[in-house]
Amino acid sequence: MFDYTFQWRPALRALPDMLAGAWVTFETAALSMILGVLLALALTVMRRMDNPLPRAFANLWVSIARNTPSLFQIYMLYFGLGSFGWHISSWAALLAGITFNNAGYLAENFRGGLKAVPDTQMRAARSLGMGAFQAYRLIVFPQLLRIVYHPLTNQMVWAVLMTSLGVIVGLNDDLTGVTQDYNVRTFRTFEFFAIAAVLYYLITKVIVLVARLLAWRLFRY
Amino acid sequence: MFSTSLTANDLLFMLQGAWVTLKLTAAAMLIGTLAGVVFGLLRAAMPYATLPLSWALDVFRSVPLLIQFVLFNSLKSLVGLDWSAFTVGCVVLGVYAAAFCTEIVRGGVLAVPTSLRRASRSLGMSYWQDLRYIVLPVATRVAFPGWLNLVLSVMKDTALVMWIGIIELLRASQTIVTRIQEPLLVLCIAGLIYYLMSLVVARLGARLERRWQEDD
């Protein structure tokens, strides 16, 4: 029944290339997280505005990002924008898609986080003579960060996992892309993808570990 | 500008794809919930003895689903199982869902106050009676929103099965796009279908949640 001999040697020989791919994966995820956090902050502010137009826009963004598959979002950017004559590279589509997704999910987290910071904190800060911006920066933001820190790391892990979707729109220099390249050349599917899986596992574990160390350093009273 | 070569047949093809998406979701959630409840109860009852289980399940949460599909699909061929791609999709998604469901169930069970369980035991209930009549109803209400989120996320993740050759909603729309070359329209329809499916599941779940809270 089982008459397959594993050939790990060619797979291990590809390891340097795959590590380079892993770095691209990490970079893409980190970049999408940075952009995603900025966009999510903007969306959170927009959702708290009195003007219904930005509020509706932000709500639409969040609900689309959360209710459709991330692969669909990447497709939309890769194929959909082509209808307008914008042909973007698969990496740009991947980055934009994940950023769109991250921003939607994080905006929701930020909203929950802001709700969890008591209003009285803001009022107390204002009555101590702080300006609105000062109060946000010194009082609300540090408390918010504690609340959204865990969801943020989670989202970072998700971003890394989502970068694997790039291969479907033809990206070939991230970890999955490199693996797929080797796969179609050698047909040692199991070996190559097993190594990719191990690398992904390690990346996510390293992220979680670093986040935990950072939290330990940041959130000491 | 507003002319299109999208035919009713194409729409039907997409709806069939959506049906496959729903079937996959249902099957994966069935496997995932059954396994998740068992594992979650074990995790809550014996936190230290089942640590290896939690490490094993953690692997499924830390490796991209796409890679899990490819790995399992090739493993299936290596071992010589004669499974259809659909079965492979169901199994991989099911295990993936189980990994998340375990944590949800564990959280729900741990949210039942110890004093409540002690009270039920001191009323003369056996361990199983306590589990069946006290822990289960309380934990279900706590865990339900998380479970519903899992359903929604699994439904979105079914889009990845296209890589192992199952024609679900997104793959069906891609096939149509390749033929009629109107990506924006077709993808918008696909997105709308996904959105509606999510909305219906979320609404039904919210209604159920409300109904459960009435008799509190």
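Residues numbered from 1 in each chain as written. Chains lettered and ligands numbered in written order. Predicted model: local features only at pLDDT ≥ 70, side-chain atom pairs only at ≥ 80, totals over all residues.

### Things to note about the overall build of chain B
Counting secondary structure elements, chain B contains eight helices and zero strands. Mapped from its N terminus to its C terminus, chain B presents α and β elements in the order α-α-α-α-α-α-α-α. The C-alpha extent of chain B, read off along each of the three principal axes, is 75 × 45 × 25 Å. Within chain B, the fraction of its 216 residues that count as buried is 40%. Taking contacts inside chain B between residues at least 6 apart in sequence as the whole, the part at least 24 apart equals 79%. (Helix = DSSP H or I, 4+ residues; strand = E, 2+ residues; numbered from the N terminus. Buried ≥ 20, exposed ≤ 12 C-beta atoms within 10 Å, placed from the backbone. Contact = placed C-beta atoms within 7 Å.)

### Some words on the packing of helix α1 (residues 8-45) of chain B against helix α6 (residues 127-157) of chain B
All names here are of chain B. Relative to each other, α1 and α6 sit at 130 degrees, their axes nearing to 9 Å. Between α1 and α6, the angle is such that the two are oblique. The hand of the α1/α6 crossing is right-handed. Together, Thr21, Thr25, Ala28 and Met29 of α1 and Val151, Val154 and Met155 of α6 make up the contact between the two elements. Along the lines of polarity and charge, the residues of the contact of α1 with α6 split into five nonpolar, two polar and no charged. (Axes fitted to C-alpha atoms, helices over the stretch in contact; angles between N-to-C directions. Parallel < 35°, antiparallel > 145°, perpendicular 65-115°, else oblique. Left-handed = near helix turned anticlockwise from the far one by under 90°. Nonpolar A, V, L, I, M, F, W, Y, C, P; charged D, E, K, R; others polar.)

### Structural notes on the interface of chain A and chain B
Tallying the contact residues gives 29 residues for chain A and 28 residues for chain B. Of all the secondary structure elements, the ones that give two or more residues to the side of chain A that touches chain B are α4 (70-80) and α9 (189-218) of chain A. The element best represented in the side of chain A that touches chain B is α9(A), accounting for 10 residues.

### Considerations on the nonpolar core
The biggest cluster of nonpolar side chains holds 115 residues, and the ones touching the most others in it are Leu71(A), Tyr75(A), Ala196(A), Ala97(B), Leu160(B) and Ala190(B). Of the residues forming this core, the biggest block, 13 residues, is contributed by helix α4 (residues 85-110) of chain B. Every residue in contact with Ala196(A), bar those within four places of it in the chain, is listed here: Met18(A), Leu175(A), Thr176(A), Thr179(A) and Ile67(B). (Core = buried A, V, L, I, M, F, W, Y, C linked by C-beta atoms within 7 Å.)

### Here's the deal with the confidence of the model for chain B
Per-residue confidence for chain B averages 90 on the pLDDT scale, and 98% of its residues sit at or above 70. For this predicted complex, the interface confidence reaches an ipTM of 0.87, while the overall pTM sits at 0.89. (pLDDT = per-residue confidence, 0-100.)

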